[in-house]
Structures are given as structure tokens and as C-alpha cells.
Amino acid sequence: MPADFDITIIGGGVIGLACARALASDASVLLVEQHALFGSETSSRNSEVIHAGLYYPSGSLKERLCIHGREALYRYCDTADIPHRKTGKLIVAPYRHHPELARLQTKGAALGIPLQRLDATSIRELEPLVEAQEALYSPETGIIDSHLYMQRLAQDAERLGGVLMKQTGFVSAHPEESHWRLSLNTDDGLCNITSKKIINAAGLHSHRVALACGTPSGQLPPLYFCRGHYFSYQAKAPFQHLIYPLPEKNLAGLGIHATLDLGGQVRFGPDTEYLNTTEADYSVSPALRDQFASAVRSYFPALDAEQLQPAYAGIRPKLSGPGEASADFALIVDERDGIPPLLHLLGIESPGLTSSLALADEVRQRLITM
Ligand SMILES: Cc1cc2nc3c(=O)[nH]c(=O)nc-3n(C[C@H](O)[C@H](O)[C@H](O)COP(=O)(O)OP(=O)(O)OC[C@H]3O[C@@H](n4cnc5c(N)ncnc54)[C@H](O)[C@@H]3O)c2cc1C
């Protein structure tokens, strides 16, 4: 019996949707998303920044896919009419000749990422309210309407023949001859379908999905949930550019930065808080205001802390624990003998949004050889 689909993608966040679009022209594709809306988990709980690709370990997937993904994403935004803006970004240092700023500049030059070093006077000309002795200006950094981006990916995938199902939860998968038999939970109850290959793009739930496919836990890296909170700033936007402090140690986060949305409103965040659970809890405690105010005042001394309001939180699916060196995106093929192809995408934290088109292309290349 032929399988119902060539490829089934579990998860309709930005990564699953980008994979569906990349694969649908060559294969019959099914995507299943448990919620009523695509992208309602991590893909709509982030900073919506198109990163230049400066921060990531040399030679890592994060670095390569971010740079290629950024270029592809700007091209796609132009052709698919997705609201976005190359705002540019300042990475600010509290004193001159900061070694980390110098390191980032050298790295940027090696990677071909345009950067400009600014002194205190030039910083003040660009952003009069920012207090810093030195900065790097990254003109390639920008912002995107991530919701419209995901809508366009879904429309493209469907136009190419992909079947995208919402409110359809993946329950389990078992190998059966040369394909997988998947059990899915729909509004009408449980149903079964068959698929030659599976891509697990379930974000925070990817480990659970992997186990429900029978992948032994020993093949999976450990998973940590690391929450990032955001506070909106109710006052008139004090900046025209994105303002980032220097990144945190081990790249746990990029530091509490200021981003703009496309309406020009400023929000601050995210911080980093490792959770003791792998259950998603998106609460933002108002008690964090003081911590935010003190971090932000290091580069924006005129902050009016009364105008900081708890906004939302997102959770990073991290493969590195507190204090450990930052882990790369993990694309893991289940290596059990004789089973049909099964690819797990794990630890797709930042810069996953920027990297999404390049990551989908990487997945397509890897599936060809599986
Ligand atoms: C605080 C924060 C800030 C960030 N900022 C940026 C940024 O500025 N720029 C950037 O490039 N990246 C950023 N990122 C990273 C980016 O948001 C993620 O890499 C990206 O959204 C991951 O997408 P995803 O599709 O893998 O995961 P998700 O969006 O979580 O999608 C996974 C989907 O799988 C579905 N699913 C799970 N289990 C099942 C199941 N059993 N059955 C069916 N469906 C299932 C879920 O419902 C979900 O919709 C940030 C991340 C965080 C947390």
C-alpha cells in the first residue's frame, strides 16, 4: 500500500511552515498543528528581529543559517509584500576599547557582515538618549511582522499542494514496513495516516514528540526551558534604532535590549530565566520591573520606570544548561535500524526566526539523502 503522504511535518510554527513551503513542490506534504492558529507558541513570543548573524559560535549552524536566512528573508519580504524594516541596530559598550565589542567587530569583518564603529559623539548624533562610550552599528539588522510572514509561508505551502491541518495533535508514530503510521488527534477523534518520512518541528515539545516516535532518550540532548520576559514602554519611543547591550555570558541571551515594533512602539527584553520544569509558563511578574529598569538604565538613563508594563514572555528550548556554552541547533536523525526516515529539529531558539528559510532548505537537502 502506498503511504498517504511523502512527508509529515509535526508543528506549525515558523520552522514547520517554512519546511512545508520548501518541500511541497517536490513531495506530498502534510503539516499538523495542535492549536487553532499557526505559530501561536514561540514563533509569536519573540523580538521579531532579523538578526545580522554576528553572535554565534564560528562554523555553527546558527551562524551559517542566520546569515543565509537573513538574506533569503529580506528577499522574501520584498517579493511577498511582508511588512519589515531595516531599522539598523546599535550594540553599545559602557567604556571605550571594550574587548567584546572589538571581538564582535573582528568577527563581523571575517563574516562579511557590515558594521561601523561609533564613538560617543556619533552615538549621540544617532540616538541622543543613549548613553554609551562606544558602539557597533549594524545596518543589516531589522524587524519583521512575523505573523504575516507565517501567513505567507502557509499560503505558499498550500498553493504548492501541501495539506496544512490546524487543531490536529500528533499523538504517536510507529514504523510499519517502509513507512510510518501516525496517530493524530482531531476534532472528530483519533485518526491514522501513513507517511514515508517525518519531520519533528514541534518546538518546545520536540523531545516529547521524539519519544512518541520511539526515539530512545539516549539519542536526544538534554532540554532546558529558558524563559524571557518583555516589558512594553508606554511613553513615546525614545529610539529610532534597536539598542542592544553586549550579549550575556555563554550567549544565554542577548541582554535586555530595546526593540521597536513596526508601529514604532518600544519594548524591552528578553531577560533569561531557566525554569525548573519543561511545562510552558508564560507569566510575567510585575516584580521584575526594578531589574528591568536597572538593566535598561545602563544605556538609557532617562528611562521612566513607571512606563514599563509587563507585556509577554517567550520560552527558549535550550540544549545548554545554566553556565554551559551555548549549544547549536540540533538536526538529529533517528538512527535505529530499519526504520523509515525521521528527522528531529531540536533547540531551535534564537536566531530561529531569521534562519527559518535557510533551515528549511537545509532540511530539504538532508531529506534528499535519507
Ligand atoms: C524570547 C525569545 C526571543 C526570540 N527572539 C528572536 C528574534 O528576535 N529573532 C529570531 O530570529 N529568533 C528569535 N527567537 C527564536 C524564534 O522565535 C524561534 O527560533 C522560532 O520561533 C522557533 O519556531 P518553531 O517553529 O521551531 O517553534 P514553535 O513556534 O514553538 O512551533 C512549534 C509548533 O509545534 C506545535 N506542536 C507541538 N507539539 C505538537 C503536537 N504533538 N502535535 C501538533 N503540533 C504540535 C506547537 O503547537 C507549535 O505551534 C526568539 C525566541 C524567544 C523564546
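Residues numbered from 1 in each chain as written. Predicted model: local features only at pLDDT ≥ 70, side-chain atom pairs only at ≥ 80, totals over all residues. Heavy atoms only, no water.

> Please explain the environment of Leu 54 as it appears in this structure.
Looking at the element boundaries, Leu 54 is found in the loop between strand E3 (49-50) and helix H2 (61-80). On the accessibility criterion, Leu 54 (5% relative accessible area) is buried. Measuring from C-alpha to C-alpha, the distance between Leu 54 and Gln 105 comes to 8.7 Å, with 51 residues separating the pair along the chain. If near-sequence neighbours (up to four positions away) are discounted, Leu 54 is found in contact with Ile 91, Leu 104, Lys 107, Gly 108, Ile 113 and Leu 115. (Helix = DSSP H or I, 4+ residues; strand = E, 2+ residues; numbered from the N terminus. Buried < 20%, exposed > 50% of the residue type's maximum accessible area, 1.4 Å probe, protein only. Contact = heavy atoms within 4.5 Å.)

> When you look at the sheet that holds E3 in this model, what are you seeing that I'm missing?
Two orientations exist for strands paired in a sheet by backbone hydrogen bonds: parallel and antiparallel. What the three strands build is an open sheet, ordered E3-E8-E4; its pairing is antiparallel. Two strands lie at the open edges of the sheet, namely E3 and strand E4 (84-85), each paired on one side alone. (Pairing = 2+ DSSP bridges.)

> Quick question: what am I supposed to make of the layout of surface pockets here?
A probe as big as a water molecule, rolled over the atoms, marks out the empty space that is left. Of the volumes computed, that of the second largest pocket is approximately 250 Å³. Along the walls of the second largest pocket sit Leu 37, Phe 38, Gly 39, Ser 40, Ser 44, His 147, Met 150, Gln 151, Ala 154, Gln 155, Glu 158 and Lys 166, which together make up its complete lining. Partitioned by chemical class, the residues of the lining of the second largest pocket number four nonpolar, six polar and two charged. (1 Å grid on protein atoms, 1.4 Å probe; cavity = no way out; pocket = protein on both sides within 12 Å on 5 of 7 lines; lining within 4 Å. Points joined across faces, edges and corners; volume = space filled by probe spheres on them. Nonpolar A, V, L, I, M, F, W, Y, C, P; charged D, E, K, R; others polar.)

> Where do I start with unusual backbone geometry in this structure?
Backbone phi values are negative for most residues with the exception of glycine, while trans is the configuration of most peptide bonds. In this structure, the amide linkage connecting Gly 269 to the following residue, Pro 270, adopts the cis form with an omega of -10°. Mapped onto the elements of the fold, Pro 270 is located in the loop between strand E16 (266-269) and strand E17 (273-274). A cis amide bond, omega 10°, links Ser 350 with the succeeding residue Pro 351. Assignment of secondary structure puts Pro 351 in the loop between strand E20 (342-346) and helix H8 (352-368). In this structure, His 97 takes a positive phi of about 60° despite not being glycine.

> Just to check I follow, could you spell out the state of the cysteines for this structure?
The term disulfide refers to a covalent linkage connecting the sulfur atoms of a pair of cysteines. All told, the structure shown has zero disulfides when counted by the stated rule. Free of any disulfide, Cys 66 has its nearest neighbouring cysteine sulfur in Cys 77, separated by 14 Å. Of all cysteine sulfurs, the one in Cys 213 lies closest to Cys 191, which takes part in no disulfide; the gap is 15 Å. Taking relative accessible area as the criterion, Cys 191 reaches 28% and is therefore assigned partly exposed. (Disulfide = S-S within 2.5 Å.)

> What am I meant to see in the side chain of Glu 48 here?
By secondary structure assignment, the location of Glu 48 is in the loop between strand E2 (29-32) and E3. In this structure Glu 48 comes out as buried when scored by relative accessible area, which is 15%. When neighbours within four sequence positions are excluded, Glu 48 is seen to be in contact with Gly 142, Ile 143, Ile 144, Asp 145, Ser 146, His 147, Arg 267 and Leu 353.

> Is there a simple way to explain the site of the ligand in this structure?
Around the ligand, a shell composed of 38 residues is seen, among which Glu 33, Ser 43, Val 49, Ile 348 and Thr 354 lie nearest. A distance of 3.4 Å separates an oxygen atom of the ligand from a polar atom in the backbone of Gly 352. Note that an oxygen atom of the ligand is positioned 2.7 Å from one of the side-chain N or O atoms of Thr 354. Surface burial for the ligand is 97%, taken as the share of its 1000 Å² of free accessible area covered by protein chains. For the shell around the ligand, the elements supplying multiple residues, two or more each, are helix H1 (14-23), strand E10 (169-176), strand E18 (308-318) and H8. Partitioning the shell around the ligand into residue classes produces 14 nonpolar, 18 polar and six charged. (Near = heavy atom within 4 Å. Polar contact = N/O pair within 3.5 Å; in protein donor to acceptor, adjacent residues only side chain to side chain. Areas by Shrake-Rupley, 256 points an atom, 1.4 Å probe, with all protein chains shown as cover.)

> In this structure, what is going on with H8? I would like to understand it.
Given 3.6 residues to a turn, an α-helix orients residues that are three or four positions apart in the same direction. Taking 1.5 Å per residue as the helical rise, H8 with its 17 residues ought to reach 24 Å, and the 22 Å between its terminal C-alpha atoms agrees with that figure. Along H8, the largest kink reaches about 40° and is centred on Ala 358. Among the 17 residues that make up H8, 12 are buried, leaving the element largely enclosed by the rest of the structure. For H8, the complete set of buried residues consists of Gly 352, Leu 353, Thr 354, Ser 355, Ser 356, Leu 357, Ala 358, Leu 359, Ala 360, Glu 362, Val 363 and Leu 367. (Expected span 1.5 Å × (residues − 1). Bend = angle between axes of the 7 residues up to and from the residue.)

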